[in-house]
Amino acid sequence: MILSFDSSLPSMSVALVDDRTAIASIILEGKRSRNEKLLPAIDFLLRESGREMKDVGSIVVTRGPGSFTGVRIGLATAQGLALSTGASIIAPGTHDGFAYEAERVAVIGDAGRDEVYLSRYEGGAKDGETSIVPADAVDSLPDDVTIVRIDQICRERNVALLCAFRAIDANLEPGETFPLYVRASAAEEKLRNGSG
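Everything quoted here is computed from the prediction, not taken from an experiment.

Conventions adopted
Residues numbered from 1 in each chain as written. Predicted model: local features only at pLDDT ≥ 70, side-chain atom pairs only at ≥ 80, totals over all residues. Heavy atoms only, no water. Axes fitted to C-alpha atoms, helices over the stretch in contact; angles between N-to-C directions. Helix = DSSP H or I, 4+ residues; strand = E, 2+ residues; numbered from the N terminus. Parallel < 35°, antiparallel > 145°, perpendicular 65-115°, else oblique. Left-handed = near helix turned anticlockwise from the far one by under 90°. Contact = heavy atoms within 4.5 Å. Nonpolar A, V, L, I, M, F, W, Y, C, P; charged D, E, K, R; others polar. Phe/Tyr/Trp six-rings, centres within 6.5 Å; stacked < 30°, edge-to-face > 60°. Lys NZ or Arg CZ within 6 Å of the ring centre and 35° of its normal. Buried < 20%, exposed > 50% of the residue type's maximum accessible area, 1.4 Å probe, protein only. Polar contact = N/O pair within 3.5 Å; in protein donor to acceptor, adjacent residues only side chain to side chain. Pairing = 2+ DSSP bridges. 1 Å grid on protein atoms, 1.4 Å probe; cavity = no way out; pocket = protein on both sides within 12 Å on 5 of 7 lines; lining within 4 Å. Points joined across faces, edges and corners; volume = space filled by probe spheres on them. Expected span 1.5 Å × (residues − 1). Core = buried A, V, L, I, M, F, W, Y, C linked by side-chain atoms within 4.5 Å.

Enquirer: Is there a simple way to explain the packing of helix α1 (residues 34-48) against helix α2 (residues 68-85) in this structure?
Expert: Two measures define how a pair of helices packs: the angle their axes make with one another and the distance between the axes. Packing of α1 against α2 brings their axes to within 10 Å, and their N-to-C directions diverge by 40°. By the angle class used here, α1 and α2 are oblique. Pair α1 / α2 crosses with right-handed handedness. In contact with R34, N35, L38, L39 and I42 of α1, α2 contributes G70, I73, G74, T77 and L81. Each residue belonging to the contact of α1 with α2 can be placed in one class, and the counts come to 5 nonpolar, 4 polar and 1 charged.

Enquirer: Is there a simple way to explain the packing of aromatic side chains in this structure?
Expert: Aromatic rings in a pair are described by how distant their centres are and how their planes are angled relative to each other. Using the criterion set out here, one finds 1 aromatic pair in the structure. Across from the ring centre of F165, 4.2 Å away, lies the NZ or CZ of R20, which sits over that ring.

Enquirer: Quick question: what am I supposed to make of helix α4 (residues 159-169) here?
Expert: Because an α-helix completes one turn every 3.6 residues, residues spaced three or four positions apart along the sequence face the same direction. The buried count for α4 comes to 9 of 11 residues, which makes it a mostly enclosed element. Within the span of α4, buried status applies to V159, A160, L161, L162, C163, A164, F165, R166 and A167. You can read the cap of α4 off the contacts: a side-chain oxygen lies 3.1 Å from the backbone nitrogen of A160, and it is on N158. Looking one or two places after α4, you find N171, whose phi comes out positive at around 50°.

Enquirer: Quick question: what am I supposed to make of the sheet that holds strand β5 (residues 88-90) here?
Expert: Backbone-to-backbone hydrogen bonds join strands into a sheet, with any given pair of strands oriented parallel or antiparallel. Taken together, 5 strands build an open sheet; the order of strands is β3-β2-β1-β4-β5 and the sheet is mixed. In the strand order of this sheet, the two ends are held by β3 (21-28) and β5, each with one partner. For this sheet, the mean angle separating the axes of adjacent strands, direction not counted, is 15°. Summarising the sheet, strand β1 (residues 2-6) and strand β4 (residues 58-61) pair through 4 bridges and their orientation is parallel. Bridge assignment links L3 to a residue of β4, and that residue is I59. Helix-sheet contacts for α1 involve β1, β2 (12-18) and β3, and the interaxial angle to β2 is about 25°.

Enquirer: Would you explain the layout of surface pockets in this entry?
Expert: Vacant regions in the atomic arrangement are exposed by a probe of water-molecule size rolled over the atoms. As a volume, the largest pocket reaches approximately 270 Å³. Forming the boundary of the largest pocket are 15 residues, of which R63, A91, P92, G93 and D96 lie nearest the centre. Of the residues assigned to the lining of the largest pocket, the class counts are 5 nonpolar, 3 polar and 7 charged.

Enquirer: Just to check I follow, could you spell out α2 for this structure?
Expert: Across its 18 residues, α2 extends 26 Å between first and last C-alpha, which sits within 8% of the 26 Å expected from 1.5 Å per residue. Among all positions in α2, only F68, G70, V71, I73, G74, L75, T77, A78, L81 and A82 are buried. Buried-residue contacts for α2 involve β1, α1, β4, β5 and β7 (115-122). Downstream of α2 by a residue or two, G86 has a phi angle that is positive, lying close to 85°.

Enquirer: I tried to follow the nonpolar core on my own but got confused; where do I start?
Expert: Within soluble globular proteins, side chains that are nonpolar generally end up buried alongside one another. Core analysis: the largest hydrophobic core is formed by 30 residues, its most contacted members being L3, F5, V14, I42 and I59. For this core, the secondary-structure elements that each account for two or more residues are β1, β2, β3, α1, β4 and α2. Ranked by residues supplied to this core, first place goes to α2 with 7 residues. Setting aside residues up to four positions removed in sequence, L3 forms contacts with V14, A15, L16, I42, M53, V56, S58, I59, V60 and L81. Judged by nonpolar contacts, the second largest core, of 23 residues, contains A15, V105, V107 and I153.

Enquirer: Help me understand the environment of D114, please; the structure alone is not making it clear to me.
Expert: Within the fold, D114 resides in the loop between β6 (104-112) and β7. Judged by its relative accessible area of 70%, D114 falls in the exposed class. Here the alpha-carbon distance between D114 and R166, two residues 52 residues apart in the chain, equals 29 Å. Apart from residues lying up to four places away in sequence, D114 is in contact with P134 and A135.

This is how it looks when you write it as structure tokens:
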């Protein structure tokens, strides 16, 4: 069984998947910190589905881009759970679950500062690295590209569930669990500029 979760986006999501069948999933809104909501949400889904953490063989956790704090909370939670249970960790990019929306897909996420994170997919495969572009650059994408605005759709679609399916369909292997921030944090930029 796969436990999957995303805490990098405005709406946090958690899902349990077995054999590409969704057993249970939840999308959470609210003002409380993700570190206060993530473990209780996982516990709730396990109890509701009559499963236990020992039934989890793999953990799928998104590694960004998105909220820096949310990415760190997700990865740290996955590593702690894996350490205690022996489950493997698969960490796709947050945008990867939307690779199959159409033949050509551009996944857009808010990066602040009037910029967006942009990931492109062609035929389900990632086309280049995730980048940061001015928000209005999206207007110049070709007409045959399906644009997915992930910060809007994450309130309606369970990103954790989509990423679990992506991990299964693409035969993703356990591997690196480094965050995909794309840009330096404000604190890192201040240090680089000598003002921190």
